[in-house]
Amino acid sequence: MSTGEKAKVQTHVLPHLIELDRDLDPDFTLIGRDTEIRQLAEVLTLRDSRNVMLIGPTGVGKTALIDGIEERRSRADVSQDILKRRFFRLDSESLLTSDDPVKISQDFQHIADYLEDAQYSVLVIDNFPNFLNGLQAKSAHGVLNSLMSALQQRRTQCIIALNDGQRAKIVEQHSGFKEYFTAIELREPDADEMLSILRGVRQVYETMHGIVITDEALQTVSALTTKFKGSFDDQSLPRVPIRLLDLSASEFRAGLMSKPDALDRVECHLTNLRNQVAALERSDAGDAGGTIKKLKGEISTLETQERDLSRDWMKKTDGVKDLLNKKRTYAGELQKLEAENEDALKKGKGSDLIKQNDDLIDKYRTALGDINQKLATVNTGAPQDHRLTPEHVRKTFSKRTGIPVATLGESELERVIKLEESLKERIYGQDRAIASIAAAVKNAAAGLKDANTPAGAYFFIGPSGVGKTELARALAAYVDGKADAEPIRLDMSEYGEKHTVSKIMGAPPGYAGYEEGGVLANEVRKKPNSIVLFDEIEKAHPEVFNILLQILSAGRLTDGKGRLIDFSQCTIIATSNVGSRHFVDQSLSYEEAVAKAHGEVKAFFRPELLGRFTDIQFFRRLDADLLFKIALKNLTAVNKMLAGKDVTAEIPDDQLRHAVERVMNPRYGARPINNLFSKFIKKLVSELVLENELRRVQIAAGSAKPKPDAGGKILIAFDKATDEFSATFSPASTGFFGSQPQTRKSMKLDALDLNTAD
């Protein structure tokens, strides 16, 4: 039997019963929670309702609080009333392994009898709802009866732990809990308390991972898990920050043992050069121009660099490994000696042993301090190599959450400053709306926003196809740092009936779909800095307006599972076509259209909802010049797609403008232009590319030694007299197509196919 197994057996005073005094982690120290510890002690010394119901979300520290009172009791740092009590934890999983309900009830009765004989005993049951569910599944109803009988007769006391939403259900099903238990609610620690906790556990993780953790890294852990609450893990503070600290330290330590980037680059380059030499040596072209000789000379130089870098890396790595091994050994011996001293003090004997151990403890602590210093400076000139820094924490956080590092570091400031310019490159003609959004983002970046409201809330009003949804996409691309990023989009036409509204935040308990959660709630918990788009909100059921009103006013919302969803880092965008008919009326100026549309908007939407938006923007209709710019942007996108085929598409500006003017429709904005490319121009281009790809394959198959293809151009023309597009493939002067005739395709414009949405 291993040492660990022996220790485990010794902690069980009875089958399924563990004494906390023997089970406490020697590294454990409860930091803070003084108020809750005092409340817990007070309840345990009551005459009535003297049992504790600890309530709080997963990860808030309910189990840690119980261990904390045992830790303070072992240090005699509690009142005499608590000092004389003994705490036992029920191993409910092992108790419920049997399928015989009679045996389960008998085993628990033995535990209850033992606790009564022990006197001043306190039974701890973690995750109490799961325990009740297990009893119900095994039909072991006698266990609960035995527990309630023991509590009623004051033969023992009990501490149970459960989540926020489980209290009402338990009290409703078992009325005795309300009579015998006093509830203590645990809140999440604030930023200062969280930082204090992280500083308290720092030494444990430094010892385990063999690194030095800077205070700046701890501050970053606290800031990220507080700001992006819910994105890293589906649990609460302080467990989430401690988890992030552990992961960051683990990944950083693994990186210490990895090859340096410089060595990786040299090895990669060497592999490529060797492959080139092998390919040239197999070909029958010979060493034209001394290429092989030149490559081999470069390989020889790189091999020397590789040997030097490898030698340095191995030397440093061996030094780090040796220090880490010593650190783990010394830390283990130190814990063993401290445990021996504590045991000797409890038994009131062994003063010589304690004195001898104290001398060794001092030596080990000094040695550990020296090792930490060496780890911090093991590489000359680069002491930061073994210090966990904020940048390492940000990288781990980004990897686990998908929130880009660029949005967390110093480069965010530069991106914020250039945001307005960046948005204008993507959205044409809506400068006022862009300026409004950019100003709000800058305010949030500067810390000038209300902590209890979303980062921004905008109402975009205007006709279809003018850029309302596209601006939301552009803002999502800024937040994610990815050009193809999408906002969390809720199409309000799907939530027009009352029974569909529950899908947004999740169905309440007892209703179908409860376990799935809400569409919006789930996404915002994963990524709390999201762009949330309520598209065409006038089509939604009025209950949706109540949800939106609460989000805008409080910056938070409770989902169907009772979890608090934080929207304070989100940007909320609602779009509407209410009043848009005035913007397509070309007899009205923009100011006149805004005035008429504003009147309709105020008549349709409640004033308390409109008043919660940061800004209401009316989007302009797109004129011919703006639509022409959008067409040029589409043409650039087509050429980017063709880049890998060495083919470009061209169309004269005047002919492209004629095509734009032919299909433009104020009711649909840019959509006819986008459809012009997707349904006509791209179709012609794709047919030419595929036909010439086929010809290339056929020529290559019939040639003993084909030459590389040089590509060509696709020349597109538009005849406004006949409404006809024509496209001609013009091959380059050399290559497969040099001697081939030009290929031409044509297609007549069908305006009926242009004004539908993509």
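It should be emphasised that the depicted structure is a prediction, and the values quoted were computed from it without experimental measurement.

1. Examining the overall build of the protein
Phase 1: Scanning the protein from terminus to terminus reveals 30 helices and 20 strands.
Phase 2: Within the protein, the fraction of its 758 residues that count as buried is 43%.
Phase 3: If you take every contact in the protein between residues at least 6 apart in sequence, the share linking residues at least 24 apart comes to 74%.
Phase 4: A total accessible area of about 38,600 Å² is found for the protein, and carbon and sulfur atoms account for 49% of it.

2. Quick word on the sheet that holds strand E12 (residues 531-535)
Phase 1: The strand order E11-E12-E15-E10-E16 describes an open sheet built from five strands, whose pairing is parallel. With one partner strand each, in any of the chains shown, strand E11 (488-491) and strand E16 (615-618) form the two edges of the open sheet. Averaged over neighbouring strand pairs, the angle between their axes works out to 15 degrees when direction is ignored.
Phase 2: For strand E10 (residues 456-461) and strand E15 (residues 571-576), the ladder comprises six bridges, and the chain directions are parallel. Bridge pairing in E15 places Ile461 opposite Ser576.
Phase 3: Running at roughly 165 degrees to E12, helix H22 (residues 468-480) makes contact with E10, E12 and E15 of the sheet.
Phase 4: Running at roughly 130 degrees to E16, helix H26 (residues 590-604) makes contact with E10 and E16 of the sheet.

3. Notes on the confidence of the model for the protein
Phase 1: Residues at a pLDDT of 70 or more form 87% of the protein, whose mean pLDDT is 84.
Phase 2: Scored below 50 in pLDDT, residues 379-384 makes seven contacts in the model with residues more than four places away or belonging to other chains.
Phase 3: Taken as a whole, residues 734-739 scores under 50 in pLDDT and shows 19 contacts with residues more than four places along the chain or in a different chain.

4. What to know about the pairing of strand E18 (residues 712-719)
Along a regular strand, successive side chains alternate from one face of the sheet to the other.
Phase 1: Of the two faces of E18, the one holding Gly712, Ile714, Ile716 and Phe718 is buried and the one holding Lys713, Leu715, Ala717 and Asp719 is not buried anywhere.
Phase 2: With four bridges connecting them, strand E17 (residues 647-650) and E18 associate as parallel partners. Bridge assignment links Val647 to a residue of E18, and that residue is Gly712.
Phase 3: Here E18 runs beside strand E19 (residues 724-731); their pairing, made up of eight bridges, is antiparallel.

5. A few points about the packing of helix H21 (residues 431-445) against H22
Phase 1: The interhelical angle for the contact between H21 and H22, taken along N-to-C directions, is 30 degrees, at an axis separation of 12 Å. Relative to H22, the element H21 is oriented roughly parallel. Note on packing geometry: the crossing formed by H21 with H22 is right-handed. Across the interface between the two elements, Ala433, Ile434, Ile437 and Val441 of H21 pack against Leu471, Leu475 and Tyr478 of H22.
Phase 2: Its residues assigned to classes, the contact of H21 with H22 comprises seven nonpolar, no polar and no charged.

6. Quick look at the environment of Ser746
Phase 1: Take Ser746: it is sitting in strand E20 (residues 743-748).
Phase 2: Judged by relative accessible area, which is 40%, Ser746 ranks as partly exposed.
Phase 3: A sequence separation of 65 residues divides Ser746 from Ile681, and the C-alpha atoms of the two residues are 10.0 Å apart.
Phase 4: Once residues within four sequence positions are removed from consideration, Ser746 is found in contact with Leu684, Glu724, Phe725 and Ser726.

Reading the values: the criteria
- Residues numbered from 1 in each chain as written.
- Predicted model: local features only at pLDDT ≥ 70, side-chain atom pairs only at ≥ 80, totals over all residues.
- Heavy atoms only, no water.
- Helix = DSSP H or I, 4+ residues; strand = E, 2+ residues; numbered from the N terminus.
- Buried < 20%, exposed > 50% of the residue type's maximum accessible area, 1.4 Å probe, protein only.
- Contact = heavy atoms within 4.5 Å.
- Areas by Shrake-Rupley, 256 points an atom, 1.4 Å probe, with all protein chains shown as cover.
- Pairing = 2+ DSSP bridges.
- Axes fitted to C-alpha atoms, helices over the stretch in contact; angles between N-to-C directions.
- pLDDT = per-residue confidence, 0-100.
- Parallel < 35°, antiparallel > 145°, perpendicular 65-115°, else oblique.
- Left-handed = near helix turned anticlockwise from the far one by under 90°.
- Nonpolar A, V, L, I, M, F, W, Y, C, P; charged D, E, K, R; others polar.

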